[in-house]
Amino acid sequence: MLGTTLTAAGQVTLSVLPQQLNFECLLGVSCGQASSNVVVTASNGQALPLVSSVTIQTPSQVGRSWLLNPGGGTAGASIGVGVDPTGLAPGSYQGFVTFFSNQASNQATVNVRMTVAGQAQLVPAPSTLNFKFRAGGPPPPAQAVTVNLAGSNGPVEFLTNRFDPDNLLSITPQNGQAPGASVQFRIANTNVSPGQYGISVGFLDSAGNNPSVGVNVEVEAAATFTASPASLAFEYARGGTAPPQQVVRVTSNDSVTFQVRLTGTGTGAWLNVPTGARTTPADIPVAIRTENLSAGTYEGGFTLDSGTASRQVAVRLVVTEAPPRGPRLRSANPVRQAFDGAAALSAGTWVEIFGEDLAPVTRSWRGDDFSGAAAPTQLDGVGVLINNRPAFVSYISPTQINALAPDDPNLGPVSVVVTAPDGERSNAVTIEKRPVTCALLAPDSFVANGRQYLVAHFTDLTTFVGPPGLVPGAIFRPARPGDTIIFYGVGCGPVTPFLPAGQIASGLTGLALPFRVLFGGTPAQVSYKGLYANFVGLYRFDVVVPETGPGDTPVTVEVDSTPIQGTRYLTIAP
């Protein structure tokens with residue numbers, strides 16, 4: 001029946017234009033009453049009176065008609081056809097308005113369609129953003145959110161609002177039009193504490209829609225940037241070998257690119273450091289250019305710059321004149337007698353000599369170094385001259401030589417010189433030469449409770465005289481009156497029969513000078529006083545412990561009526 005006109009000869013017919021009306025509304029925006037005009041025309045051109053009726057094909061389910069009946073009208077004039085979508089659910093609705101006249105042979109019908117759309121919804125995508133950066137570092141790249149619509153083709157105006165108490169975000173633009181709007185999210189503040197931050201950004205339109213985007217921000221601890229060590233020191237002797245290269249280790253808790261630059265005027269003339277860009281972790285080799293350097297102190301360094309952090313490495317170079325060649329005796333106490341450390345010597349006594357570059361190797365004499373019973377005067381070409389006479393050498397090292405003084409009748413100040421294999425001589429030092437410089441063996445390891453104990457053996461040559469535990473790992477016990485004990489000395493004078501210095505002792509000898517031992521003032525019997533057989537320059541004294549009080553007893557030794565310096569103790573049992 002849409003737009004149908006029934007025609008019969010001599011009869012008046014009705015027609016209508018337009019034959020179809022379409023209405024659209026958007027819930028919450030434009031869903032009020034609406035109307036549109038139609039014109040019904042009579043075939044005879046007359047203004048016939050019209051009446052109308054409404055037919056609903058799609059009901060409204062709200063208890064009333066959504067299609068309004070115009071109630072009639074006049075042929076040839078505009079007639080308003082209206083709709084009222086109030087309260088309707090979203091969907092499509094269809095109905096008909098029919099016009100007729102008792103003077104016409106037909107009816108004219110208008111098809112009415114109405115579409116009710118759901119309320120427009122802003123749809124930001126993506127709905128979640130994630131940012132991650134280091135505190136104080138560069139911001140991460142910006143991210144975009146596109147704002148579209150659901151339920152309408154738009155356009156819809158919106159503006160943004162946010163909950164961002166730490167002011168981490170920058171949002172541009174802050175308002176726009178959907179659909180298709182692009183909003184840029186950027187991190188504007190990286191100077192915040194490490195941790196997790198949650199930010200909500202809302203998109204608000206005029207209808208009160210307020211969808212949001214969740215922004216998760218992870219702030220890591222600030223990037224570390226370290227250089228170790230922070231300072232380097234080099235030493236170089238002119239004409240010598242360049243000091244070895246050193247390395248500065250540069251690290252961080254992230255991959256950091258940094259620049260290496262020399263600092264200090266003229267640093268590049270003596271400091272060799274590769275400059276330019278590096279990435280952590282990195283090892284920076286540091287070397288010294290020694291060409292044309294004069295003696296003095298040079299200070300400079302280099303800078304490691306990452307853009308956000310800078311580290312300084314200081315470098316100090318001390319250049320000295322070339323050291324003298326050959327052996328050198330030290331200035332303080334260069335020669336001292338064995339057993340007591342006295343700055344004196346006598347013929348046939350042992351001395352210790354100290355310095356630098358005294359020998360190229362470290363070793364003691366061996367059996368093949370001897371010539372029969374005669375001790376060697378050189379080891380690997382290293383020798384000692386005392387008053388220009390060769391001494392007997394038992395031990396050599398770069399810093400110490402042990403030697404036995406040769407026979408020499410001269411007394412008073414004498415020189416000591418070390419000779420090198422290539423003929424170089426050390427500086428000469430002077431030491432006082434005496435007839436006798438007797439010293440008894442009493443090392444620092446035999447000191448306890450402020451007392452210096454004498455090294456003395458029982459005749460088993462294994463057990464020591466002294467309080468138990470005096471030296472860890474050794475056997476000690478007190479001596480009893482009547483026990484024979486043995487102690488040792490150097491520099492105690494000539495013996496009979498005469499034995500030249502530097503010879504291995506054999507058989508029994510006797511000390512030529514008067515010799516006496518007292519235990520707390522009580523003289524002791526000395527059953528042997530002479531050189532120790534099978535040794536070179538070592539004296540042995542076999543002493544019978546006298547009747548004396550128990551406990552730690554001071555022992556006094558006299559040679560040629562002269563007491564040996566220093567108090568020594570032995571422990572006597574009750």
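Anything mentioned here points back to the structure above.
Residues numbered from 1 in each chain as written. Predicted model: local features only at pLDDT ≥ 70, side-chain atom pairs only at ≥ 80, totals over all residues. Heavy atoms only, no water.

*Asks:* Describe the overall build of the protein, and please don't skip the residues or the numbers.
*Replies:* The helix and strand tally for the protein stands at zero helices and 54 strands. Over its C-alpha atoms the protein spans a radius of gyration of 59 Å, topping by over 25% the 25 Å that the globule rule assigns to 574 residues. With the C-alpha coordinates aligned to their principal axes, the bounding extent of the protein is approximately 185 × 65 × 40 Å. Out of the 574 residues belonging to the protein, those deemed buried represent 43%. When the accessible area of the protein is evaluated, it comes to approximately 27,600 Å², of which 50% is carbon and sulfur surface. Positive and negative side-chain charges in the protein, numbering 30 and 35 respectively, have mean positions lying 1 Å apart. (Helix = DSSP H or I, 4+ residues; strand = E, 2+ residues; numbered from the N terminus. Rg over C-alpha atoms; globule rule 2.2 N^0.38 Å. Buried < 20%, exposed > 50% of the residue type's maximum accessible area, 1.4 Å probe, protein only. Areas by Shrake-Rupley, 256 points an atom, 1.4 Å probe, with all protein chains shown as cover. Lys, Arg positive; Asp, Glu negative; His and termini not counted. Charge placed at Lys NZ, Arg CZ, Asp CG, Glu CD.)

*Asks:* If you had to explain the sheet that holds strand β8 (residues 91-100) to someone new, which residues and values would you point to?
*Replies:* On the basis of which strands lie adjacent, the open sheet formed by five strands has the order β2-β9-β8-β4-β6 and mixed pairing. With partners counted over all chains shown, the strands left at the sheet margins are β2 (20-26) and β6 (73-74), one partner each. (Pairing = 2+ DSSP bridges.)

*Asks:* Kindly report on the state of the cysteines, identifying the contributing residues and their values.
*Replies:* Scanning all chains against the criterion turns up one disulfide. With a sulfur-sulfur separation of 2.0 Å, Cys438 is cross-linked through a disulfide to Cys492. Taking the sign of the S-S torsion, about 55° here, the bridge from Cys438 to Cys492 comes out right-handed. With a gap of 54 residues between them, Cys438 in the loop between β39 (429-433) and β40 (439-440) and Cys492 in the loop between β46 (484-490) and β47 (495-496) connect regions that are remote in the sequence. Accessibility assignment for this pair places Cys438 and Cys492 in one class, buried. (Disulfide = S-S within 2.5 Å.)

*Asks:* Describe empty space enclosed by the protein, naming the residues involved and giving the relevant values.
*Replies:* A full pass over the atoms with the stated rule returns one cavity of 30 Å³ or more. What the largest cavity holds in volume is close to 50 Å³. With three residues, strand β52 (residues 551-559) is the single largest residue contributor to the lining of the largest cavity. Across the lining of the largest cavity, the residue classes tally to four nonpolar, three polar and one charged. (1 Å grid on protein atoms, 1.4 Å probe; cavity = no way out; pocket = protein on both sides within 12 Å on 5 of 7 lines; lining within 4 Å. Points joined across faces, edges and corners; volume = space filled by probe spheres on them. Nonpolar A, V, L, I, M, F, W, Y, C, P; charged D, E, K, R; others polar.)

*Asks:* Which residues make up unusual backbone geometry, and what values do they have?
*Replies:* Note the cis peptide between Thr172 and Pro173, where omega equals -10°. Notably, Leu461 is not glycine yet its phi reads approximately 60°, a positive angle. Along the polypeptide, Leu461 turns up in the loop between β43 (456-458) and β44 (464-465). A relative accessible area of 38% places Leu461 in the partly exposed class.

*Asks:* How would you explain the pairing of strand β51 (residues 539-544) if you had to name every residue and give the values?
*Replies:* Within a regular strand, the side chains alternate between the two sheet faces. The element β51 is extensively covered by neighbouring structure, given that six of its six residues are classed as buried. By the alternation rule, side chains of β51 split into Tyr539, Phe541 and Val543 and Arg540, Asp542 and Val544, which are all buried. As defined by bridge partners, β46 adjoins β51 across six bridges and the pair is classed as antiparallel. Bridging across to β51, Gly489 finds its partner in Tyr539. Examined bridge by bridge, strand β50 (residues 522-531) and β51 share six bridges and lie antiparallel to one another. Pairing of Leu531 across the sheet is with Tyr539, part of β51.

*Asks:* Describe in detail the side chain of Arg134, supporting the description with residues and values.
*Replies:* With respect to the helices and strands, the residue Arg134 is situated in strand β11 (residues 128-134). Here the side chain of Arg134 touches Asn253 through a polar contact of 2.9 Å, landing on its backbone oxygen. For Arg134, the contacting residues outside a window of four places in its chain are Thr190, Val219, Glu220, Ala221, Ala222, Ala223, Asn253 and Asp254. (Polar contact = N/O pair within 3.5 Å; in protein donor to acceptor, adjacent residues only side chain to side chain. Contact = heavy atoms within 4.5 Å.)

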